[in-house]
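# Report on the structure
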Amino acid sequence: LNTRKHPLGIPPPSEKDWPKEDEDFFLLDPDRKRDVLPQPFRMINKLVMQVFESAMEIIERGEMLQEAQKLKVQPKKCFPTAEFQVTERANCLAVSGKYIFVGLSVGLAAFNTCDFKDVCAWDSDKTEICAIHVSDLGNKSHVLLAVDEMGLVWLFCFHKESFLLIKILNEVEDISQRSTCAEVVLSRGGDYAGILLQGNTKAWLEIYQLPKDSWLTELEKNAGAAEGLACSERRSNSSPEVGTFLLQELPMSAIQADIKLDAPVLLLTVRPPKPITGTSFKGPLDALKEVDDGSMLGLGYNHLIKDSQWELQDAIFCSTYQEYLEAEGVTEEEIPRYATFHFLLPSRILMGPEMKVQPDIPVGIGVHWDGNHNFCLYLLNSSLKKNADSDLKPDVVWPCAAPIACSAVSSCSRYLALAGEDATITIWDKHLGYPLSVTAILEERFIRSIHFL
């Protein structure tokens, strides 16, 4: 039996037992362990990290956009409160008073804004209404100008929920001489109407005066007579149901049958300016005699430049800029076919010291034709003195440095905005006749429309 005389002890470590490859493991950076991996693993790890970083950038950018969107003022969402149904395709609409007028593919329809019910319709299978202009005449009456797909202008009077056709303004017997309507403007209050007509080779502007006072008088007289007829029929009939039917139906038929409204009066026929040619005057006195009262200047017709001088100037210009003209092509000057016009309220420029005018009724129109430098003003009450065979001359000419691209008149008719083709906007005080501001837009810009807010 062997017995231990001493306790069992742990042998001391020896250096030869230490692992040589891991002796510096406590000195290595954990983030650099990937550097010792083979090349394919390091490439995959790098690509994965780039994907995660790109995803985080996209997420952070989206969160920033959401926060910025929350700080913005959110627009109020509006939902329809009511709707009305039309039987055919609706092309246009206009609002006047408590009525909504809709141009349909087969005529016109009127709806009441109180209950959105159809109150009246004018049906025509061959007439598709494309544009409507309406103005309130008072006494439950409205005047409408409707343009169909053929360019014809229909003048209606809407009275007590019925359409009354007065006249087709540009209707002619010879269809080859028919002109189409390019623009319609109805003055506020329904006193005047203007239509821009285009023929095969020319264009012109017609201004009509609407006899609305005589219309209202005639409508009230016929409505009273029809109502009296309906009441007498109701008293003579013993059945209450039949009497109610006559009370509702007879006034409308009586008005439609007996009413005769006066036709509008043609006041002005404005034609585009003619190209400036050589003079036929022998001296300055002959040119000055062409100016009636000295107020109409600026059109450039009363000059002393002869045809030979024009031809010499054109020859010098063409020889100097021949290479540019060949590159762009020479365009001959054409008579414009489109115009923009506005009805103007009384002002110091348009009214004389002895003129008696009403502040809310137009006294003139302002017209400018495409490609022309002049904004021309015409008085409405001086047209009767003009010769119908001669071209109407403007009463005031407002020349501009560049061709006028578009224009606008404020609601009070005092301020006039003219935008030229050189992208310059000028605001004029029409009452005083001087510019208030001139604004130049960036180069290579073309202003197509301008409005007062």
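Everything numeric in this text was worked out from a predicted model, so none of it was measured.

This part is about the overall build of the protein. Looking only at helices and strands, one finds 6 helices and 20 strands in the protein. Long-range pairs, those at least 24 residues apart, make up 50% of the contacts in the protein between residues at least 6 apart in sequence. A total accessible area of about 30800 Å² is found for the protein, and carbon and sulfur atoms account for 55% of it.

A few words now on the nonpolar core. One finds Leu145, Val153, Leu155, Ile195, Trp215 and Leu261 to be the most contacted residues of the largest nonpolar core, which totals 24 residues. At the level of elements, β6 (141–148), β7 (153–159), β8 (163–168), β9 (180–186), β10 (192–198), β11 (203–209) and α2 (212–236) are the ones that each hand at least two residues to this core. Not counting residues up to four positions away in its chain, the partners in contact with Leu261 are Cys157, Leu164, Ile166, Trp215, Glu218 and Leu219.

Inspection of the sheet shows β9 paired to β10 by 6 bridges, in the antiparallel sense. Considered in β10, the bridge of Leu186 is made with Ala193. Where β9 hands over to β10, the hairpin turn is made up of 5 residues, of which Gly189 adopts a positive phi near 100 degrees.

With that settled, consider the side chain of Ser141. For Ser141, the location among the structural elements is in strand β6. With relative accessibility at 0%, the residue Ser141 sits in the buried group. If we ignore the near neighbours within four places in the chain, the residues touching Ser141 are Asp136, Phe158, His159, Leu216 and Leu219.

We now examine the sheet that holds strand β17 (residues 404–409). The 4 strands lie next to each other as β17-β18-β19-β20, forming an open sheet whose pairing is antiparallel. The open sheet terminates on both sides in strands that have one partner only, identified here as β17 and β20 (434–440). Between one strand and the next, the sheet's axes are offset by a mean angle of 20 degrees, whatever the strand orientation. In the sheet, strand β19 (residues 424–429) pairs with β20 via 6 bridges, with the strands oriented antiparallel. What sits directly across from Trp428, in β20, is Pro435.

Taken together, the side chains of Ile44, Val48 and Phe52 make up a nonpolar region of the molecular surface, amounting to roughly 300 Å² of accessible area. Overall, the relative accessible area of 53% leaves Ile44 in the exposed class.

On the secondary structure map, Lys430 appears in the loop between β19 and β20. Salt bridges are absent for the buried Lys430, whose nearest opposite-charge side chain, Asp429, sits at 7.8 Å. With sequence-adjacent residues up to four places away left out, Lys430 is seen in contact with Leu344, Leu345, Ser347, Ile349, Leu350, Trp398, Ser413 and Arg414.

As enumerated under the stated definition, the model contains 13 aromatic pairs in all. Here the aromatic rings of Tyr99 and Phe101 are separated by 6.3 Å at their centres, their planes lie at 40 degrees, and the arrangement is tilted. Taking the relative accessible area as the measure of exposure, Tyr99 reaches 6% and is therefore buried. Residue Phe101 is classed as buried on the basis of its relative accessible area of 0%. Put simply, the rings of Tyr99, Phe101, Trp122, Trp154, Phe156, Phe158 and Phe163 touch in pairs and so form one group of aromatic residues. The ring of Trp204 carries Lys202 above its face, with NZ or CZ at 5.8 Å from the centroid.

As a further point, take the confidence of the model for the protein. Of all residues in the protein, 75% have pLDDT values of 70 or greater, and the mean over the chain is 78. Mean pLDDT values for the elements of the protein range from 36 in helix α3 (residues 240–258) up to 94 in β10. Taken as a whole, residues 226–255 scores under 50 in pLDDT and shows 22 contacts with residues more than four places along the chain or in a different chain.

Moving on, we get to the sheet that holds strand β15 (residues 374–379). Read from one edge of the open sheet, 4 strands run β13-β14-β15-β16, paired in antiparallel fashion. Unpaired on one side and paired on the other, β13 (339–344) and β16 (396–399) mark the two borders of the sheet. With direction set aside, neighbouring strand axes in the sheet form an average angle of 20 degrees. Across 4 bridges, the pairing between β15 and β16 is antiparallel. Directly across from Asn374, in β16, lies its bridge partner Pro399.

Once that is clear, we can look at a negative patch on the surface. A surface patch of negative charge is lined by Glu53, Glu57, Glu60, Glu63 and Glu67. Within the fold, Glu63 resides in helix α1 (residues 39–71). Using a relative accessible area of 47% as the deciding quantity, one classes Glu63 as partly exposed.

Here the focus is unusual backbone geometry. One non-glycine residue, Asn139, lies in the positive phi region at around 60 degrees. Examined against the element boundaries, Asn139 turns out to sit in the loop between β5 (129–138) and β6. The backbone phi angle of Ala423 is positive, close to 60 degrees, even though this residue is not glycine. Topologically, Ala423 is positioned in the loop between β18 (415–420) and β19. With relative accessibility at 3%, the residue Ala423 sits in the buried group.

Looking at the secondary structure, you find Leu108 in strand β3 (residues 107–112). What makes Leu108 buried here is its relative accessible area of 0%. Along the sequence, Leu108 and Cys92 sit 16 residues apart, while their C-alpha atoms lie 9.9 Å from each other. With residues near it in sequence (within four places) discarded, Leu108 still touches Val102, Gly103, Ala121, Trp122, Ile129, Ile132, Phe156 and Phe163.

Cut-off values and rules
Residues numbered from 1 in each chain as written. Predicted model: local features only at pLDDT ≥ 70, side-chain atom pairs only at ≥ 80, totals over all residues. Heavy atoms only, no water. Helix = DSSP H or I, 4+ residues; strand = E, 2+ residues; numbered from the N terminus. Contact = heavy atoms within 4.5 Å. Areas by Shrake-Rupley, 256 points an atom, 1.4 Å probe, with all protein chains shown as cover. Core = buried A, V, L, I, M, F, W, Y, C linked by side-chain atoms within 4.5 Å. Buried < 20%, exposed > 50% of the residue type's maximum accessible area, 1.4 Å probe, protein only. Pairing = 2+ DSSP bridges. Axes fitted to C-alpha atoms, helices over the stretch in contact; angles between N-to-C directions. Patch = residues over 30% accessible without salt bridge, like charges linked within 9 Å, V, L, I, M, F, W, Y side chains within 5 Å. Salt bridge = Lys/Arg side-chain N within 4 Å of Asp/Glu carboxyl O. Lys, Arg positive; Asp, Glu negative; His and termini not counted. Phe/Tyr/Trp six-rings, centres within 6.5 Å; stacked < 30°, edge-to-face > 60°. Lys NZ or Arg CZ within 6 Å of the ring centre and 35° of its normal. pLDDT = per-residue confidence, 0-100. Charge placed at Lys NZ, Arg CZ, Asp CG, Glu CD.

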